[in-house]
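Observations on chain architecture
Chain residues, written in single-letter form:
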Amino acid sequence: MRRFSILILLISITAGMLYAGGYQVRLQGQRQTGMGLIGTSLRGDASSLFYNPAGLSSINGKWSFSAGFSPIFNKVGFRLEGDPNTVYNDNPVGTPFSFYGSTMITKKLGFGIGAYTPYGSSAVWGDDWIGASLVQDLSLKAIFIQPTLSYKFGDVFSIGAGFVIASGTVELNRAVPYNSPAVEGQANLTGDAMEYGYNVGIMVTPGDKWSFGLNYRSEIIMSVEDGEAKFTLPTSIQPIIPVENKFSADLPLPANLDFGVSYQATEKLLLAIEANYVFWEVYDSLKFTFEEQPDLLNSSNPRLYSNSLIGRIGAEYKFSDIVTGRLGMYYDPTPTNEDYFTPETPSLTTLGISAGLSIYPIENFAIDISYLHLETKQASKSYLPANFKGDYKSRTIIPGVGLTYNF
Amino acid sequence: MNIKNLFLLLIAALLFACKPELDDATTTAGSADFAKYVAIGNSLTAGFTDSELFISGQNNSYPSILANQMLAVGGGEFKQPMMLDEYGFGRRMLLNAAAQRPVSAGVPVNPANFNSIASDGPFNNLGVPGIKSFHLVPGAEAYSNLNPYYRRFAAQPGVSTVLGEAVAQNPTFFTCWVGSNDVLVYAAAGGASDSITNPALFQVVMGAVLQQLTANGAKGAVANVPDITSIPYFSFMNTQLPYNGLVLTQPQQVAALNFGYAPLNAFIKMMGSTDTLAFQLGQNPFVIADKELPWGMRQMRSDELFLLTLSAATDSINHGWGSLAPIPDRYVLTQAEIDRIKSATDSYNNILMTLASQFDLAYVDTKGLLEKVSTESIERDGIKFTGTYVTGNTFSLDGVHITGQAAAMVANEFIKSINAKYGSALKEVSPVYYSGLFYY
């Protein structure tokens, strides 16, 4: 009973936790999520494939499978400067998932493949909200598929590398300032892209207690070519702006450099810290180029993101052979520029608090659950090109569930 | 409850649980009380724009914008007598972008717009398009039956007055922007009909209005009357058709006109005037009607104004208006008419300023605001407001009434004066979020 009450306590401390700033989503493993999204220095199951491919060659058992699902319940409140009313977005439940499988080809060489969703954003503000000219709704989805090899040089040193196939779709609706009594001007942009990248890591485990991990995931620029642009316009504007058009745009998915250390303090207690450096600077502007009427329609929208450094701490405690519990927290400063902050990806400086639990009904098979709570401070932000200023605040709840099987 | 319902309930509960509350912005009402705000005024107060009263114009009326800002400092519900659609009584104009000109929306009128909505009242926005100062007060009960915009929301058409309906609501705060129509109706007729309200009457009426509205201790703001002669309705046509736009290229034309007007010129001289009509090659002032002259016509002077309505009569000009025959009085404001309008406006504004001070009310210089827009320009959050017709962002397609974006600027002018007077912290709004022109 004592263990149980600790868990209840953990869950009731809903002080904060979240997916990483910008439009990055790090919910790629239930164990890692429970520990404040720490994973670079951890070994143990196939979800290392994302967090550090070098860990893949250190899994107990010949085969490892891990799958998880972490629905994101997020609300962002916004109050325009001078406006007494707070508006809330109406985001659908986000659905990041991950699936990994790996096997040891030899005692030293591991191979795995994973599918996961490390980037995504969904913001639904509504057609008539006050920032409609910036965004009415945005949906951004990327699925990565990553075949991976990992090699272990003795007991201390291992490396891993994965090839990333990234496939993404984007849909953006925004108001355009041409209204008639019957028609609200709107631009609807949809596109998709497929690009490639890589994920490489090193893990060093000098002895039983310490583990160090270093991981680099490459930048991937998702280039939408021949995207479909549909404009809803009043009749007398249509000779000027075509209602059917093509567009191209680049959306960068930034590189990540992660460094983590874990320490087996006792037989039951594992402590870990981690730092993630995210190369958000690549997101300098969002440019749209149109095939028809480019002089009128092309736009370059400044974003001016900065690189960000995320700090995490986490712990795992093995209560028994059947139950393992986890806790974590992290601080994730926003990569956005406060003068070029748009409600399409309202990413604020975030405090994340997490808890997790694995139950092993049989040996090597775990049911993993996690809970992540993300809280932001109320922050005043502007998008200067549109003089769009106001206060934002966001709260996110992410329960997660997954299965892990090593044999 | 089955599993699916339980699951949906769980999702709803999670979404509810994650809704963040924003801290209140620091605000204060100062010494004002915005709990019950009532606006009295004319078409500008009602939200009339593009020649008609309709829903989106009403939503962008400056009292509606003010009421929304008041919510943060104790403001209450603000009810407007909403039209049923975007076309009202059917005169709405839209901009045809391809043809680059305003056109009629051309949508059949829903007759239900004329039906009484009094049972939804009382209404906080008592703006009545077309109303003059003396229509507000007892004695003008018939007006509530005669003006279709008032009849549709008057508590008792033929019995109600705007002042009566305002006082009956026992407002804690009011705004009053009245007086434009006291000169505008005359001006819009080119001085050919209607008359300017006598400032002495204006003084009596407005004194009574403000006395009654403040009788229970209500605070308020009084706005002055803009110089209507600078609005596009009176200023735009001269940019298209200058006063001396009668261009004669043939010596025969010149000779024929001078010959034709010779008998009249002889009469003018005989009457002791030197204001004869003369024509030469090149540009000539148009011939206009002037009913104040015994002989009824003369050539136009440089600071006299054509009305926007003349744009629909260019055919007549091509067929001899302004040369063979005078341009009718209803299309022109003569210098004497302009002087009368400006003089009355100045008198009204002196009266309003004195009354505002007497009743200890905020005084809003809307005249100064529109003067600045017309003579220079005002820029706010990337929108540049000028007095230019259609493209100036200030005036709607009817050339008289303001756009939603300009209504936001007017609301800000009220806010500045109210804050200064009462120490309240009403926040100004950005015009970006209010409507501009609507397209066909």
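Summarised in this report is the structure supplied together with it. (Residues numbered from 1 in each chain as written. Chains lettered and ligands numbered in written order. Predicted model: local features only at pLDDT ≥ 70, side-chain atom pairs only at ≥ 80, totals over all residues. Heavy atoms only, no water.)

Re the overall build of chain B
- Scanning chain B from N- to C-terminus turns up 15 helices and 15 strands.
- In terms of overall dimensions, chain B has C-alpha extents of about 95 × 55 × 40 Å along its principal axes.
- Per-residue burial over chain B gives 54% buried out of 440 residues.
- Across chain B, the fraction of contacts at a sequence separation of at least 24, relative to all contacts at a separation of at least 6, is 73%.
- About 18,000 Å² of surface is accessible on chain B, with carbon and sulfur atoms providing 56% of the total.
- Each charge sign in chain B was given a centre, from 25 positive and 34 negative side chains, and these centres are 2 Å apart. (Helix = DSSP H or I, 4+ residues; strand = E, 2+ residues; numbered from the N terminus. Buried < 20%, exposed > 50% of the residue type's maximum accessible area, 1.4 Å probe, protein only. Contact = heavy atoms within 4.5 Å. Areas by Shrake-Rupley, 256 points an atom, 1.4 Å probe, with all protein chains shown as cover. Lys, Arg positive; Asp, Glu negative; His and termini not counted. Charge placed at Lys NZ, Arg CZ, Asp CG, Glu CD.)

Thoughts on the pairing of strand β4 (residues 97-104) of chain A
Residue and element names in this part refer to chain A.
- Counting buried positions along β4 yields six of eight residues, so the element is predominantly enclosed.
- Note: strand β1 (residues 63-69) against β4, seven bridges, orientation antiparallel. By the bridge assignment, serine 64 is partnered in β4 with serine 102.
- Following β4, the chain reverses through four residues before pairing antiparallel with strand β5 (residues 109-124). (Pairing = 2+ DSSP bridges.)

Here's the deal with helix α11 (residues 251-270) of chain B
Residues and elements named next belong to chain B.
- Between its first and last C-alpha atoms α11 spans 28 Å; for 20 residues at 1.5 Å apiece the expected length is 28 Å, and the two agree.
- The axis of α11 is deflected most strongly, by about 50 degrees, at alanine 262, and proline proline 263 appears within four residues downstream.
- When α11 is considered as a whole, its buried residues turn out to be Val254, Leu257, Tyr261, Leu264, Asn265 and Ile268.
- Where α11 is buried, its residues meet β7 (246-248), β9 (287-289) and β10 (297-299).
- One or two residues past the end of α11 sits glycine 272, with phi positive at roughly 90 degrees. (Expected span 1.5 Å × (residues − 1). Bend = angle between axes of the 7 residues up to and from the residue.)

Things to note about the environment of valine 176 of chain A
All names here are of chain A.
- Within the fold, valine 176 resides in the loop between β7 (157-175) and β8 (186-204).
- Between the C-alpha atoms of valine 176 and serine 150, which are 26 residues apart in sequence, the distance is 51 Å.
- In contact with valine 176, other than residues within four places in its own chain, are Gly185, Gln186, Ala187, Phe231 and Leu233.

With respect to the interface of chain B and chain A
- Facing 34 residues of chain B, the contacting portion of chain A comprises 38 residues.
- Summed over both sides, the interface between chain B and chain A buries roughly 2,900 Å², with carbon and sulfur atoms accounting for 64% of that surface.
- Looking only at chain B, the three residues that lose the most surface to chain A are Leu22, Tyr433 and Tyr439 of chain B, adding up to 25% of its buried area.
- Run the count over chain B and chain A and you get zero salt bridges.
- The tally of links from chain B across to chain A stands at 14 residue pairs in polar contact (both at pLDDT 80 or more). (Buried area = accessible area lost by both parts, 1.4 Å probe. Salt bridge = Lys/Arg side-chain N within 4 Å of Asp/Glu carboxyl O. Polar contact = N/O pair within 3.5 Å; in protein donor to acceptor, adjacent residues only side chain to side chain.)

Digging into the sheet that holds strand β13 (residues 362-364) of chain B
Residue and element names in this part refer to chain B.
- In space, the five strands of this open sheet follow the order β4-β1-β5-β6-β13, with parallel pairing throughout. In this open sheet, the two strands that pair with only one neighbour each are β4 (125-127) and β13. Pairwise comparison of adjacent strand axes, ignoring direction, gives a mean angle of 15 degrees for this sheet.
- In this sheet, strand β5 (residues 173-177) lies alongside strand β1 (residues 37-41) in parallel orientation, the contact comprising five bridges. Bridging from a neighbouring strand, tyrosine 37 pairs with phenylalanine 173 of β5.
- Contacting β1, β4 and β5, helix α4 (residues 62-70) runs over the sheet at an angle of about 165 degrees to β1. (Axes fitted to C-alpha atoms, helices over the stretch in contact; angles between N-to-C directions.)

So, the nonpolar core
Residue and element names in this part refer to chain B.
- Core analysis: the biggest nonpolar cluster contains 166 residues, and Phe234 and Phe414 have the highest contact counts within it.
- Looking at this core element by element, the count peaks at ten residues for helix α15 (residues 404-422).
- Look past the residues within four positions of phenylalanine 414 in its chain and what remains in contact with it is Tyr62, Leu66, Thr175, Trp177, Ala221, Ala223, Val364 and Thr366.
- If you look at the next biggest cluster of nonpolar residues, it comprises 25 residues, including Met300, Leu310, Ile317 and Tyr331. (Core = buried A, V, L, I, M, F, W, Y, C linked by side-chain atoms within 4.5 Å.)

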